[in-house]
Amino acid sequence: MFEKTVTSGDAPLLDIEGLTLRLPDHAAARPILDGVSLRVGRGETVGLVGESGSGKSVACRTVLGLLPQGSRTEGAVRVAETDVLGLGPAGLRGIRRRQVAMVFQDPRASVNPMRRVGDFLTEGLRLLGMSKKQAPARAEELLAEVGIRDPRGALRRFPHQFSGGMLQRVVIAAALAGNPALLLADEPTTALDVTTQAEVVGILRRLQVRHGTGMLFVTHDLELAAAICDRIYVMYAGRIVESQPAAALFEHPRHPYTAGLLASTPRLEADSEPPRAIPGRPVSLAEAPEGCAFAERCAFAVERCRTEVPALVHDGPAAVACLRAEEGILT
Amino acid sequence: MTASATPLVPGGAPRLPGARRGAPGRIRTLAAQGPLFTAAVVVLALLVLLAVFAPLLAPYDPNAINLKNSLAGSGPDHWLGTDQSGRDILSRLLYGARTGLLGPLAVVGVSTVLGIVMGVVAAWRGGWVDSLLSRSMDLLFAFPAMLLAILCVAVFGTGLTAPVIAMMVAYTPYVGRLVRAIARQEKSRPYIESYRVQGWSGWSICVRHLIPNITPTVLAQSAINFGYALMELAGLSFLGFGVQAPTADWGVMVSEGQGPLLKDVMLPALAPATAIVIAVVAFGIVGEGLADRVAKRER
Amino acid sequence: MSTTADAAEAVLRVRGLCRTFGDHKAVDDVAFTLAPGGSLGIVGESGSGKTTTARMLVDLETPDAGSITVRGRERARRPRSRTERLARAREIQMVFQDPYLSLDPRVAVRDCVDEVLRLHAPDLGKQRRAARVAELLDQVGLGTREAGALPRRLSGGQRQRVAIARALAASPQVLILDEAVAALDVSIQAQILDLLVRVRREEGVAYLFVSHDLAVIRHITDDVVVLRSGRVVESGRTADVLAAPQHPYTRLLIDSVPRAGWDPERIAENRKALAAPDA
């Protein structure tokens, strides 16, 4: 699939290749991830979109070496050419400390509620080798960078004294403290109000541009992904079904699932159509459909779709895994 | 059509093997909790069986005195030897399991029921009812169980009854506090609120929905309490406040074994002490295991 | 502040509703009117008081002040008898946000609907009750297979269907939907929205749709009330409010919805300009 041998100069920052992840047999009938390939370049923002059970969060977490208990993997997850899956605890710590940072959905779950925000930040900075004297000053700087008023006062406060949006900024500040090359954002704004979401996304983007950080943005919200990402991967039942530059994906979705997802999203514009539901429901881990996992819900499915697993076919900057993609069914 | 062949759940959590109903499923659920849990359940089941069938299993009358055969070591006639009065230790151990389990059963049974009633009423009614019940539970807390038991013995006399009553009283606030905390949490869950919106009375919501849903958590705690109660009752017997001397009881046996211990004969004290430790540890493991199961179910 | 319906013919009329927690005014003089068979959206962010308002309507929270009337009759503060309690329940029912927490894990789907009928229609015989249960479940798109299942074997969307059927079983005049589609996947959310549109058409039940999602509000409601920090900042026909918002906060909310041309920096500035009390 990737004919050219990548040299260190143009190697992508994150290169997930053919990643398959299985749970022990009794826990799932199908692999959670099934041949997932995904790349994030330096400074690039890449969206990973899917519904619950699509495997998007699991894929994101593998980058930090966080695997579900008892799972087996095939394929590779390379961060700057180091395969994370082959790393021991020390190697993983190195990756987590220096190269990859993660922001989770619920900021309250990522911060120790019993400790002051200042301790939370300086602790991380000390791990990075900063001296006890320098750390508080740097922590203050970081908080200022994410737009927290009175950063010095904020350092002395406890997490419960912050709103969700403010706390997520603290988490972002901590994540960016080590100047990581790659930021993993797993639904970072889902728990936040819309107006707060805009602010937090604004901060993320600004810092990302300033530091040249690559970002993998995991979300269920196709509109949000389209608004901030350069490229988007769409996942369904553990597989990548489509990837395209954001604008193109929105204008001309190539996979019926992507099209269905777009059509089922309620829109605010005055003249917009009412949302059109996709029939059926996402594939659970207990089901292992033959052929295309979406065939059951797909209006365009033919007999072949139920038996043959569609391969992800690349076409310039786009890729789609649909047996009928060539036929122009969506136009 | 087999009901379990095609799972209904899409998108949801993968159906764990234990989620299936029926005996094989249940056994697998037990096994899924780990070998330690399984072993503890087996030990407790054995203990109950031994206690129930003690008259059939015991090789000797537990109270048959044979001074000629005092402090015999373990051998083919007496597997665990005999005590100072020449009584067969194994037989006494088997019979001792009866008082040993019956006492804690009464304590845990009554304290669990009382605790659930007090805790649920306090949580559901709130306000002054809650304050009253909570303060009275705090008051009971202030009394150490042992002290309460000794007081009870002073009033009611020795035997199993007085310490058991005392410990029922002493254990109730532990259960009550736990129940109050989890019932308050449960009360604020949407499913309970939806019953309120439907117009059900508080009584029927509590009895039919709230209590059944908190029961697994309470039972986990009760299993642990069972071990403590067993230990404390044995302790009282040991001190001479509980079951009295001739009766076969583990606490009494340890107490009587003190003399032989000075003569370097271990078994008369060691055998019942070991039985106590095994039972307490097994109840602890089962309790923890049940608590884990509840936690897992809640995701 | 009055929306379309006249007070006399309104199915639900709320005036001067207030609720304070400690020194925090969660709901401050909220008023709105819901027409019979109408659909009114209450939109706001967390802390706007929208959920507290909904909870006061179904007695899960006690108002400090204000009046709530259903078909012109004041809803008494505390129901005194069983009859009164049941009558109130038939006025307003509610569907909660989290489908994973709103069903008793021990009660099978069929029984979950059946117990409501037993409570509210005790005269119905066993057979007619079973028929009605099947009818209600069918109405929300659940078959016999789901009917026998425990909630844990259902997906989020299916559970929410059960919650809707359960609420409809009491034949309420008003159905409160508190973020009822917020926890669902997008493709499932659209299914439930479809279902809600159809149920309203078939049953003539009025909706009070509480949500933070303006796009959802646009498709499911006729009128809307925008809440901010416990106060109504704007209200009117949903289409009008979304097309030409009068209050800057409403405008900010609309601008914040991610879509083509979305500019987080500008939204952040507008938000600061509004001086939202934060942290």
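Residues numbered from 1 in each chain as written. Chains lettered and ligands numbered in written order. Predicted model: local features only at pLDDT ≥ 70, side-chain atom pairs only at ≥ 80, totals over all residues.

## Digging into the overall build of chain C
Across its full length, chain C holds 11 helices and 10 strands. Principal-axis analysis of the C-alpha atoms gives chain C an extent of 60 × 45 × 35 Å. Summarising the internal contacts of chain C: among those between residues at least 6 apart in sequence, 69% fall at separations of at least 24. (Helix = DSSP H or I, 4+ residues; strand = E, 2+ residues; numbered from the N terminus. Contact = placed C-beta atoms within 7 Å.)

## Here's the deal with the UniProt feature "domain: ABC transporter" (unreviewed entry) in chain A
Residues annotated in UniProt with the feature "domain: ABC transporter" (unreviewed entry) correspond here to residues 14-262 of chain A. For the annotated span residues 14-262 of chain A, helix accounts for 40% and strand for 24% of the residues, and the straight-line distance between the end C-alpha atoms is 27 Å. (UniProt positions renumbered as here; feature names shortened; annotations may be inferred.)

## Points about unusual backbone geometry
Positive phi outside glycine occurs at Glu81(A), with the angle close to 75°. Among the secondary structure elements, Glu81(A) is positioned in the loop between strand S4 (72-79) and strand S5 (82-83). A positive phi angle, close to 50°, is found at Glu179(C), a residue other than glycine. Relative to the assigned elements, Glu179(C) resides in the loop between strand S7 (174-178) and helix H7 (186-203). Given 19 C-beta atoms within 10 Å, Glu179(C) falls into the partly exposed group. (Buried ≥ 20, exposed ≤ 12 C-beta atoms within 10 Å, placed from the backbone.)

## Brief notes about the sheet that holds strand S6 (residues 100-103) of chain A
Residues and elements named next belong to chain A. Read from one edge to the other, the open sheet built from eight strands follows the order S6-S7-S8-S3-S9-S10-S12-S11, with strand pairing classed as mixed. Edge strands, defined here as strands with exactly one partner in the open sheet, are S6 and strand S11 (313-315). The mean angle between the axes of side-by-side strands here comes to 20°, regardless of whether they run parallel or antiparallel. (Pairing = 2+ DSSP bridges. Axes fitted to C-alpha atoms, helices over the stretch in contact; angles between N-to-C directions.)

## Focus on the interface of chain A and chain C
With 34 residues of chain A in contact, the opposing surface of chain C contributes 35 residues. If you list the elements that add at least two residues to the side of chain A that touches chain C, you get helix H8 (194-211), helix H9 (222-228) and helix H11 (256-264) of chain A. The biggest single contributor to the side of chain A that touches chain C is H8(A), with eight residues. Across the side of chain A that touches chain C, the residue classes break down as 16 nonpolar, nine polar and nine charged. (Nonpolar A, V, L, I, M, F, W, Y, C, P; charged D, E, K, R; others polar.)

## With respect to the packing of helix H6 (residues 145-156) of chain B against helix H7 (residues 161-187) of chain B
All names here are of chain B. Interhelical geometry of H6 versus H7 gives an angle of 140° and a closest axis separation of 8 Å. As the angle between them shows, H6 and H7 are arranged oblique. The interaxial crossing formed by H6 with H7 has right-handed handedness. Contact residues: Ala-145, Leu-148, Ala-149, Cys-152, Val-153 and Phe-156 in H6; Thr-161, Ala-162, Pro-163, Ile-165, Ala-166, Met-167, Val-169 and Ala-170 in H7. Per-class residue counts for the contact of H6 with H7 are 13 nonpolar, one polar and no charged. (Parallel < 35°, antiparallel > 145°, perpendicular 65-115°, else oblique. Left-handed = near helix turned anticlockwise from the far one by under 90°.)

## Some words on the sheet that holds strand S9 (residues 223-228) of chain C
Hydrogen bonds along the backbone pair up the strands of a sheet, which may run parallel or antiparallel. All names here are of chain C. Pairing in this open sheet of six strands is mixed, and the strands run S6-S7-S8-S3-S9-S10 from one edge to the other. Edge positions in the sheet fall to strand S6 (92-95) and strand S10 (231-237), since each of these pairs with one other strand and no more. Between one strand axis and the next, the sheet turns through 20° on average, direction left out of account. With five bridges connecting them, S7 and strand S8 (residues 206-211) associate as parallel partners. Residue pairing for S8: Leu-175 is matched across the bridge by Tyr-207.

## So, the pairing of strand S7 (residues 182-186) of chain A
Residue and element names in this part refer to chain A. Among the five residues in S7, four count as buried, and that is most of the element. Pairing between S6 and S7: four bridges, direction parallel. Across the sheet, the residue bridging to Ala-101 is Leu-183, located in S7. Judged from the five bridges that link them, S7 and strand S8 (residues 214-219) form a sheet pairing that is parallel. Across the sheet, the residue bridging to Leu-184 is Leu-216, located in S8. With H8 bridging S7 and its parallel neighbour S8, the resulting β-α-β unit is right-handed. (Right-handed = clockwise from strand over helix to strand, strands pointing away.)

## Re the pairing of strand S1 (residues 12-21) of chain C
Residue and element names in this part refer to chain C. Here S1 pairs with strand S2 (residues 24-34) via seven bridges, running antiparallel. Residue Val-14 lies in a different strand from S2, and its bridge partner there is Phe-32. What sits between the antiparallel neighbours S1 and S2 is a turn of two residues, in which Gly-22 has the positive phi angle 60°. Both S1 and strand S4 (residues 65-70) contribute to a ladder of five bridges, which runs antiparallel. Across the sheet, residue Cys-18 finds its bridge partner in S4, namely Ala-65.

## Regarding the packing of helix H4 (residues 89-125) of chain B against helix H12 (residues 267-297) of chain B
Residues and elements named next belong to chain B. One way to put it is that H4 packs onto H12 with a least axis distance of 11 Å and a crossing angle of 30°. On the basis of the axis angle, H4 is roughly parallel to H12. Two packed elements cross with a definite hand, and for H4 against H12 that hand is right-handed. Here H4 contributes Ile-89, Leu-93 and Gly-96 to the contact with H12, which in turn contributes Leu-267, Pro-268, Ala-271, Pro-272 and Ala-275.

## Let's talk about the confidence of the model for chain A
One rule of thumb: low pLDDT means the predicted coordinates there are not for detailed reading. On average, residues of chain A score 89 in pLDDT, and 97% of them reach the 70 mark or higher. Contacts from residues 1-8 of chain A, a stretch scored under 50 in pLDDT, to residues over four places away or in other chains number two contacts. (pLDDT = per-residue confidence, 0-100.)

## Here we look at helix H4 (residues 126-139) of chain C
Since one α-helical turn is 3.6 residues long, residues separated by three or four positions face the same way. All names here are of chain C. For H4, which comprises 14 residues, the first-to-last C-alpha distance of 20 Å matches the rise-based estimate of 20 Å (1.5 Å per residue) to within 8%. Residues of H4 that are buried: Val-133, Leu-136 and Leu-137. For H4, the angular spread of buried residues about the axis comes to 95°, placing them on one side. Turned more than 90 degrees off the buried face of H4, the exposed positions are Gln-127, Arg-128, Ala-131 and Glu-135. Tucked inside the fold, the buried residues of H4 contact helix H3 (109-120), helix H5 (144-147) and helix H6 (156-169). (Expected span 1.5 Å × (residues − 1). Arc of directions from axis to C-beta.)

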